[in-house]
Amino acid sequence: MAYFITKLIITSILIVLISEISKRYSLAGALLAAIPLVSILAMTWMYIDTGSPGSAVQFSEKIVWLIAPSMTLFLVFPLLIRKGMGFYPSMFIATAMTIAAYYSVIFIVGKFGVKL
């Protein structure tokens, strides 16, 4: 249980830290957010939990296929805000479109024999 709490605290601190840095220095915050810290942490926790790099390798290979659809959020959200839509509706629509993009990619690559 202590290990789980440690993982939770470290991960939470990183997210809050990036958020706080972003308030003052948007480029620095964006750079830190663009670094796949969550993925790095997840792979690290997987390795620590299993002692084998195999699950982290599979995880990272699947992430590669999901990078392009994740860009949907970062393209649609600012576009909607600039068009005058509110923050929360813009975030909801951009998130929904990103989820749709993920499912589309999973469906399409599945047709080519790639199992995600």
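Computed from a prediction, not measured in an experiment: that's the story for all the values here.

Student: Which parts of the structure should I look at to understand the environment of Ile40?
Tutor: By secondary structure assignment, the location of Ile40 is in helix H3 (residues 37-50). Spatially, the C-alpha atom of Ile40 lies 9.2 Å from that of Ala56, the residues being 16 residues apart in sequence.

Student: Which parts of the structure should I look at to understand the packing of helix H4 (residues 54-82) against helix H5 (residues 87-111)?
Tutor: The description of two packed helices rests on the angle between their axes and on the distance between the axes. Between H4 and H5, whose axes approach to 8 Å, the crossing angle comes to 155°. If you check the angle between H4 and H5, you find them roughly antiparallel. Crossing of H4 over H5 shows right-handed handedness. Taken together, the residues of the contact of H4 with H5 break down into 18 nonpolar, 5 polar and no charged.

Student: Help me out: how do you make sense of the side chain of Thr98 in this one?
Tutor: With respect to the secondary-structure elements, Thr98 resides in helix H5. Here Ala94 takes part through its backbone oxygen, which lies 2.7 Å from a polar atom of the side chain of Thr98.

So, how was this worked out
- Residues numbered from 1 in each chain as written.
- Predicted model: local features only at pLDDT ≥ 70, side-chain atom pairs only at ≥ 80, totals over all residues.
- Heavy atoms only, no water.
- Helix = DSSP H or I, 4+ residues; strand = E, 2+ residues; numbered from the N terminus.
- Axes fitted to C-alpha atoms, helices over the stretch in contact; angles between N-to-C directions.
- Parallel < 35°, antiparallel > 145°, perpendicular 65-115°, else oblique.
- Left-handed = near helix turned anticlockwise from the far one by under 90°.
- Nonpolar A, V, L, I, M, F, W, Y, C, P; charged D, E, K, R; others polar.
- Polar contact = N/O pair within 3.5 Å; in protein donor to acceptor, adjacent residues only side chain to side chain.

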